[in-house]
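Descriptive structure summary
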Amino acid sequence: MVWRKDLDPALKSKIRDFILGYGVGDSDEARRQREILRAIQTGPFKPADDSHLLPVREMEATGALIEARNRKDPEAEAKAQALLDQVRTEQKALAARQDG
C-alpha cells in the first residue's frame, strides 16, 4: 500500500492496523478472514517500507537525467544526477541490511 504524504496520521494508523491485523490470530473471526483471503489467493498482509519503491524511483531519476542531458540543461542534469545518486545510496544501504 502506498500512502499519500498528507494523509491524516490517525487515519493512516487506523487503516494500517486494519490491513495488517486482518486474518491474524487464532480467533474464529481471524479464521473467517483467512478463508476470505484464501479465496482471493493471498494471505495476511505484512508491513513494508519505501524500499519497495526504489526501482521506480531509480527509473524516474534516470529518465529525468536523460531528459536533462537531451535538453542540455546542466542545472536539471545536476539535480537529476543527485537524485539518482541518492536512490543508489539507498539501494546499497538496503542490500547491506539484507546481507548483514
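As shown above, the structure is provided for reference.
Attention here is on the structure that accompanies the text. (Residues numbered from 1 in each chain as written. Predicted model: local features only at pLDDT ≥ 70, side-chain atom pairs only at ≥ 80, totals over all residues. Heavy atoms only, no water.)

**Some points on the pattern of salt bridges**
A full pass over the atoms with the stated rule returns 8 salt bridges. Of the charged contacts, one joins Glu-58 and Arg-88 as a salt bridge, the two residues approaching to 3.5 Å between their closest N and O atoms. Linking Glu-58 in helix H3 (residues 54-71) with Arg-88 in helix H4 (residues 74-99), this pair joins segments that are 30 residues apart in sequence. Of the residues examined, Glu-58 reaches a relative accessible area of 23% and is grouped as partly exposed. (Salt bridge = Lys/Arg side-chain N within 4 Å of Asp/Glu carboxyl O. Helix = DSSP H or I, 4+ residues; strand = E, 2+ residues; numbered from the N terminus. Buried < 20%, exposed > 50% of the residue type's maximum accessible area, 1.4 Å probe, protein only.)

**Digging into the environment of Leu-84**
Its place among the elements puts Leu-84 in helix H4. Look at Leu-84 and you get buried, because its relative accessible area is 2%. Linking Leu-84 and Met-59, residues 25 residues apart in sequence, is a C-alpha distance of 8.8 Å. Those residues in contact with Leu-84 that sit more than four places away from it in its chain are Glu-58, Ala-61, Thr-62 and Leu-65. (Contact = heavy atoms within 4.5 Å.)

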